[in-house]
Amino acid sequence: MADAIIRTQAMFASTIAEYYVEEEKIRLELEIGAADLQSFRNLLPDEIYQKLGHPPRPFAERLAAFFTRDLVIRADDGEPLIGRILEMEPRPRIKRDDITGEPLPVGEEEPEVVVYASIEYPLEGRPRTLMLQGPAMNPLPSVGFVAYHRGIAVNDFRYLTPLQTLELDWEDPWYSAFERRALRRSYFAPMSGFIYVEPYEVRKEIIVRPLDLQRWVDLGIEGSETIPVEIQPELTRRAAAFLRERHKVVIDGREIVPDLARINFLERTLRTSRVIEPPRELDVYSAILGVIFVYPTESLPQKVSMDWDLFDERIQLVPASSVDQAGSLPIYLEPDFAVLEWENFLKNPEL
């Protein structure tokens, strides 16, 4: 059975804007399509500006208008940030996956040429919020955007609207988020849980960030920025031993002790999840573990439940799903609704 994937055309907008929020600076990378050159005229060199039909105007004056009116970034409701252009040149447009927006290898077809611009904005300290204002140009351009905080994508590709506020978590950028729920990325949760029910076997899968699990069990990464390859075997051993005792699973009224099937570091996209192989050093903020436990059964169960027992001030909403031959049933678990249940409503199950 298929599961729906929400698809947006934002990554195919005429202009692509990627915001990279880092310590002491923001980097904006733009791919400006031909259809939007008029809207971004104040950023473009004098020669192109005049070819678009405008009388000469000092570039410094036009650039000030771009930063303060056309495409604006504000930190903590302050004045518009004034950036500096690092690079600007014509380039082939990056080809992107139609679901995830991730860059793809260049194909044989002739690529569209865009104006690429890299702009850097200095930051004073660590702002609590960023306000991204744009586009306000005339004519109104079509801009698809994604924002990253310390390398972690805050949102999936979406269209840039006149105003969006980004709340920054400098302690853990995984929790940086836009105020608008529509801009929440698909994999926003640091933990999620699944039960798969089949004849003769139930599986429990836990997807978790080691950095969040560290709050319950010492995985050896406190204060670290990375997870080196040499500590990964011991980290996965400790994580598996801890999770084996959590999230109690009851099958037809009996609690069964599970066996560990596998535990791996994962790369997740909107299309797929894959094991990171061979192992490599991982960023501690984005590293993800997938852990699967197996519960043998004598036949197809009639009722299975999993009691989620890892909540704290950060973990308040856990995506979960029960999966059988008919497909998946997704829900959200919360402290007051912490049990994922499956009942056998299959009329003609395949054994």
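Above: the structure in question.
What you are looking at is a predicted structure, and each value in this text was computed from that prediction instead of being measured.

So, helix α2 (residues 59-70)
Here's step 1: Taking 1.5 Å of rise per residue, twelve residues should cover 16 Å, yet α2 covers just 14 Å from first to last C-alpha, more than 12% shy of that figure.
Here's step 2: For α2, the full list of buried residues reads R62, L63, A65, F66, F67 and D70.

Quick look at the sheet that holds strand β3 (residues 72-75)
Sheet strands pair via backbone hydrogen bonds, and the direction of the pair is either parallel or antiparallel.
Here's step 1: Pairing is antiparallel in the open sheet, where four strands are placed in the order β3-β6-β10-β11. Among the strands making up the open sheet, the edge pair consists of β3 and β11 (177-178).
Here's step 2: Looking at chain direction, β3 and strand β6 (residues 129-133) are connected through four bridges and run antiparallel. When the sheet's bridge partners are listed, I73 is paired in β6 with L132.

A short note on the sheet that holds strand β15 (residues 249-251)
Here's step 1: Read across the sheet, four strands follow the order β16-β15-β21-β24 without closing on themselves; strand pairing throughout is antiparallel. Among the strands making up the open sheet, the edge pair consists of β16 (254-255) and β24 (339-343).
Here's step 2: Alignment of β15 against β16, held across two bridges, turns out to be antiparallel. Looking at the pairing, I251 lines up with R254 of β16.

Thoughts on the packing of aromatic side chains
Here's step 1: If you walk through the whole model with that rule in mind, you get eight aromatic pairs.
Here's step 2: Note on F66 and F67: the rings are 5.4 Å apart at their centroids and 70 degrees apart in plane angle, and the pair reads as edge-to-face. An identical accessibility class is assigned to F66 and F67; each is buried.
Here's step 3: Pairing F188 with Y332 gives two aromatic rings, centres 6.4 Å apart and planes at 45 degrees, and the pair type is tilted. Residue F188 is located in the loop between β11 and β12 (191-198), and its partner Y332 is located in strand β23 (residues 327-333); the two are separated by 144 residues in the primary sequence.
Here's step 4: An aromatic cluster is defined as three or more aromatic residues linked by ring pairs; in this entry it consists of F40, F66, F67 and Y121.
Here's step 5: One Lys or Arg, R91, reaches over the ring of Y116 and ends 3.7 Å from the middle of that ring.

Some remarks on the pattern of salt bridges
Here's step 1: Under the defined criterion, the tally for this structure stands at 29 salt bridges.
Here's step 2: One salt bridge in this structure joins R246 and D309, with 3.2 Å as the shortest N-O distance. Highlighted residues: R246 in the loop between α4 (232-244) and β15 and D309 in the loop between β21 (303-307) and β22 (318-324), separated in sequence by 63 residues.
Here's step 3: In this structure R246 comes out as partly exposed when scored by relative accessible area, which is 22%.
Here's step 4: What makes D309 partly exposed here is its relative accessible area of 31%.

Details of the side chain of D172
Here's step 1: Mapped onto the secondary structure, D172 falls in the loop between β10 (163-167) and β11.
Here's step 2: In contact with D172, not counting residues within four places along its chain, are R209, L211, Y285 and R314.

Description of α4
Here's step 1: The end-to-end C-alpha distance of α4 is 18 Å, a good match for the 18 Å that 13 residues give at a rise of 1.5 Å each.
Here's step 2: Listing the buried residues of α4 in full gives Q232, L235, T236, A239, A240, F242 and L243. On an axial view of α4, the arc spanned by its buried residues comes to 165 degrees, and they lie on one face.
Here's step 3: Looking at the buried positions of α4, the neighbouring elements they touch are β13 (201-208), α3 (210-213), β14 (226-227), β17 (259-268), β19 (282-283) and β20 (288-296).

The rules behind these values
- Residues numbered from 1 in each chain as written.
- Predicted model: local features only at pLDDT ≥ 70, side-chain atom pairs only at ≥ 80, totals over all residues.
- Heavy atoms only, no water.
- Helix = DSSP H or I, 4+ residues; strand = E, 2+ residues; numbered from the N terminus.
- Expected span 1.5 Å × (residues − 1).
- Buried < 20%, exposed > 50% of the residue type's maximum accessible area, 1.4 Å probe, protein only.
- Pairing = 2+ DSSP bridges.
- Phe/Tyr/Trp six-rings, centres within 6.5 Å; stacked < 30°, edge-to-face > 60°.
- Lys NZ or Arg CZ within 6 Å of the ring centre and 35° of its normal.
- Salt bridge = Lys/Arg side-chain N within 4 Å of Asp/Glu carboxyl O.
- Contact = heavy atoms within 4.5 Å.
- Arc of directions from axis to C-beta.

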